[in-house]
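Structural overview
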Amino acid sequence: MGVMSGTSVDAIDVVLADWRNPKQPVLLASISHAWPDELRADILQLAAGEHDSIDKLGQLDRRIAITTAEACLSCLAQTDLPASAVSAIGFHGQTVRHRPDMTPAFTLQIGDPNTLAELTGIAVINDFRRRDMAAGGQGAPLVPAFHEQLFAETGKNIV
C-alpha cells in the first residue's frame, strides 16, 4: 500500500497493489481521501510558518496519521483483503518544510508512522525522504527506483 499527499494538501492518495510480479504490478484498489478542512488549514499554516509551535507540530503529527489511517482503511475496504494481507504501507508523511538548497539541506515530514501502524494493523515504512537527502539526493528517492523497476530494458531507451 502506498500513500502520497502533496504540498497542496488537497487529498491523501492511497493505492493498494500486488507486487508479486515486479514487472507487472496489479492495482487492487485506490482512493483519494480529502483532508478535513480544519486539518488542511492547520497543515498549511504550519507549512507557511504561521503559528509554529512544538505543541501544534505534535498534534498535527498525530492528526495526520489518524486521517491517513482512515484513508488506508477505506482503500482496503474496496477489496476482500484483510489488513494482514498487506505487507506494508509506504508513508512519507506530509511535507511541512523542504529546503534542499539550504546549507545544510533538510526536509521535514510529519505524520506519526507508529499511530498509522497501530490504527491499521499494518507495518509502516517511512522517513525515506530524509534518508535520501542525507545521502545527497533531493528527497524523492522512490521515483527513479520505480521507473527502473517497471521500465528498464537493456539496450532500449524509453521516454
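Shown above is the structure to which this text applies.
Residues numbered from 1 in each chain as written. Predicted model: local features only at pLDDT ≥ 70, side-chain atom pairs only at ≥ 80, totals over all residues. Heavy atoms only, no water.

**Examining the pairing of strand β2 (residues 11-18)**
Both strand β1 (residues 2-4) and β2 contribute to a ladder of 3 bridges, which runs antiparallel. Looking across to β2, one finds that M4 is bridged to D13. Hairpin connection of β1 to β2: 6 residues between the antiparallel strands, including V9 at a positive phi of 55°. Bridge analysis of β2 against strand β3 (residues 26-34) gives 8 bridges, and the strand direction is antiparallel. Paired with V15 across the strands is S30, a residue of β3. (Pairing = 2+ DSSP bridges. Helix = DSSP H or I, 4+ residues; strand = E, 2+ residues; numbered from the N terminus.)

**Points about the nonpolar core**
In this structure, M1, V14 and I89 are the most contacted members of the largest nonpolar core, which totals 26 residues. Of all the elements in the fold, those that place two or more residues in this core are β2, α1 (37-47), α2 (54-76) and β4 (89-91). At 7 residues, the largest contribution of residues to this core is made by α2. Excluding its chain neighbours within four sequence positions, the residues that come into contact with V14 are M1, G2, V3, A29, S30, I31, A71, C72 and C75. (Core = buried A, V, L, I, M, F, W, Y, C linked by side-chain atoms within 4.5 Å. Buried < 20%, exposed > 50% of the residue type's maximum accessible area, 1.4 Å probe, protein only. Contact = heavy atoms within 4.5 Å.)

**Side note on unusual backbone geometry**
T103 connects to P104 through a cis peptide bond whose omega is -5°. Mapped onto the elements of the fold, P104 is located in the loop between β5 (94-99) and β6 (106-110). Phi at V9 takes a positive value of approximately 55°, unusual for a residue other than glycine. Within the secondary structure, V9 sits in the loop between β1 and β2. The phi angle at D127 is positive, at roughly 65°, despite the residue not being glycine. Within the element layout of this structure, D127 appears in the loop between β7 (124-126) and α4 (128-134).

**Here we look at the pattern of salt bridges**
Across all of its chains, the model carries 6 salt bridges by this definition. As a salt-bridge pair, R20 and D18 come within 2.4 Å of each other at their nearest N and O atoms. A relative accessible area of 75% means that R20 is categorised as exposed. Here K56 and D42 are joined by a salt bridge, their closest N and O atoms 3.6 Å apart. Here K56 is found in helix α2, whereas its partner D42 is found in helix α1, with 14 residues between them in sequence. It is possible to trace a salt-bridge network through shared partners that takes in D42, K56 and R63. (Salt bridge = Lys/Arg side-chain N within 4 Å of Asp/Glu carboxyl O.)

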